[in-house]
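Structural characterization, general
Each chain, letter by letter, is given below.
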Amino acid sequence: AQSVTQPDIHITVSEGASLELRCNYSYGATPYLFWYVQSPGQGLQLLLKYFSGDTLVQGIKGFEAEFKRSQSSFNLRKPSVHWSDAAEYFCAVGYTSGTYKYIFGTGTRLKVLA
Amino acid sequence: ETGVTQSPTHLIKTRGQQVTLRCSSQSGHNTVSWYQQALGQGPQFIFQYYREEENGRGNFPPRFSGLQFPNYSSELNVNALELDDSALYLCASSSPSTGGQETQYFGPGTRLLVL
């Protein structure tokens, strides 16, 4: 069965430090992978997506993610975190089983220290 | 801004009541998916509507139902509300792509509290 694991429930980093949020997936075919960000009480904003091709994808707000098929991972990175990046981050796999839908991980809450 | 709107933003109901949530999809999108996000969890797929027909359903009971209208806006109806239905309900719009390379764009959500 398809699944998405985000091993880190909470992460705290200092402003200006680098960030890596982990995402592992289980899916038998070529995955369509997404990262979304959710500010408190808000909906989900798309940061970036991977469908095929170059395994390093660039997104908005200075984020990037790398697809590693051998590790079934799609980790999100940012070289220098800003205080406004504090939010919850969700990794998702898009797949078709009768209909196209997403499976989300449980999320990683990012706290940024000034 | 995704162009996906939802109403109302917040709602309080009591057990046993019925609720209707609304979603307007992004211009050019003919598919709407609904997700339930319980506190501290990732969103869970409820169902999807494509061209006014239900196009797939997650593991939710029949008291969760929906509609899609000719302008592709959508409603989510929940009957016989239970306390566990308290959650953020998210609507996502998309347009099917060849090869399944589809991106869903989410609205701000409706926060439902069942007392």
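These lines cover the structure that appears in this document, whether it is placed above or below. Just so we're clear, the structure is a prediction, and the values are computed from it rather than from any experiment.

1. Description of the packing of aromatic side chains
According to the stated counting rule, one finds 21 aromatic pairs over all chains in the structure shown. Both rings, one in F90 of chain A and one in F104 of chain A, keep their centres 6.4 Å apart while their planes meet at 85 degrees; by these two values the pair is edge-to-face. Taken together, the positions of F90 of chain A in strand β10 (residues 87–97) and F104 of chain A in strand β11 (residues 99–104) put the pair 14 residues apart, joining distant regions of the chain. For the pair F90 of chain A and F104 of chain A, one class covers both residues: buried. A network of ring pairs unites the aromatic residues Y32, F34, Y36, F51, F90, Y102 and F104 of chain A together with Y35, F45 and F106 of chain B as a single cluster.

2. Looking at unusual backbone geometry
Residue and element names in this part refer to chain B. Of note, the bond from S7 into P8 is cis; its omega dihedral lies within 30 degrees of zero at -10 degrees. Along the chain, the position of P8 falls in the loop between β1 (5–7) and β2 (10–13). Of note, the phi angle at R51 is positive, near 50 degrees, even though the residue is not glycine. Within the element layout of this structure, R51 appears in the loop between β5 (44–50) and β6 (53–57). Positive phi values are uncommon outside glycine, yet A80 reaches one of about 50 degrees.

3. Remarks on a nonpolar patch on the surface
A contiguous nonpolar patch, built from I12, L113 and L115 of chain B and spanning about 300 Å² of accessible area, is present on the exposed surface. With respect to the helices, strands and loops of the structure, I12 of chain B is situated in strand β2.

4. A look at the pairing of β5 of chain B
Residues and elements named next belong to chain B. Counting buried residues in β5 gives five out of seven residues, a clear majority hidden from the surface. Counted along the chain from strand β4 (residues 31–37) to the antiparallel partner β5, the turn is six residues long, and its residue G40 has a positive phi close to 80 degrees. Relative to β6, β5 runs antiparallel, the two sharing four bridges. Bridging across to β6, Y50 finds its partner in E53. Count of turn residues in the β5/β6 antiparallel hairpin: two residues, of which R51 carries a positive phi of about 50 degrees.

5. Considering the side chain of D8 of chain A
By the secondary structure assignment, D8 of chain A is in the loop between β1 (3–5) and β2 (10–14). Excluding its chain neighbours within four sequence positions, the residues that come into contact with D8 of chain A are R22, G107 and T108 of chain A.

6. Comments concerning the interface of chain A and chain B
By a frequent convention, interface size equals the accessible area lost on bringing the separate parts together. On the chain B side, the residues contacting the 21 residues of chain A number 23 residues. Buried area between chain A and chain B, summed over both chains or domains, comes out near 1,700 Å², and the portion from carbon and sulfur atoms is 53%. Ranking the residues of chain A by area buried against chain B places L44, T99 and Y100 of chain A at the top, with a combined share of 27%. Seen at the junction of chain A and chain B, the total is zero salt bridges. Secondary-structure elements contributing two or more residues to the side of chain A that touches chain B are β5 (32–38), β6 (45–50) and β11 of chain A. In terms of residues, the side of chain A that touches chain B owes the most to one element, β11 of chain A, which gives five residues. The residue inventory of the side of chain A that touches chain B, partitioned by class, reads ten nonpolar, nine polar and two charged.

The rules behind the values
- Residues numbered from 1 in each chain as written.
- Chains lettered and ligands numbered in written order.
- Predicted model: local features only at pLDDT ≥ 70, side-chain atom pairs only at ≥ 80, totals over all residues.
- Heavy atoms only, no water.
- Phe/Tyr/Trp six-rings, centres within 6.5 Å; stacked < 30°, edge-to-face > 60°.
- Helix = DSSP H or I, 4+ residues; strand = E, 2+ residues; numbered from the N terminus.
- Buried < 20%, exposed > 50% of the residue type's maximum accessible area, 1.4 Å probe, protein only.
- Patch = residues over 30% accessible without salt bridge, like charges linked within 9 Å, V, L, I, M, F, W, Y side chains within 5 Å.
- Areas by Shrake-Rupley, 256 points an atom, 1.4 Å probe, with all protein chains shown as cover.
- Salt bridge = Lys/Arg side-chain N within 4 Å of Asp/Glu carboxyl O.
- Pairing = 2+ DSSP bridges.
- Contact = heavy atoms within 4.5 Å.
- Buried area = accessible area lost by both parts, 1.4 Å probe.
- Nonpolar A, V, L, I, M, F, W, Y, C, P; charged D, E, K, R; others polar.

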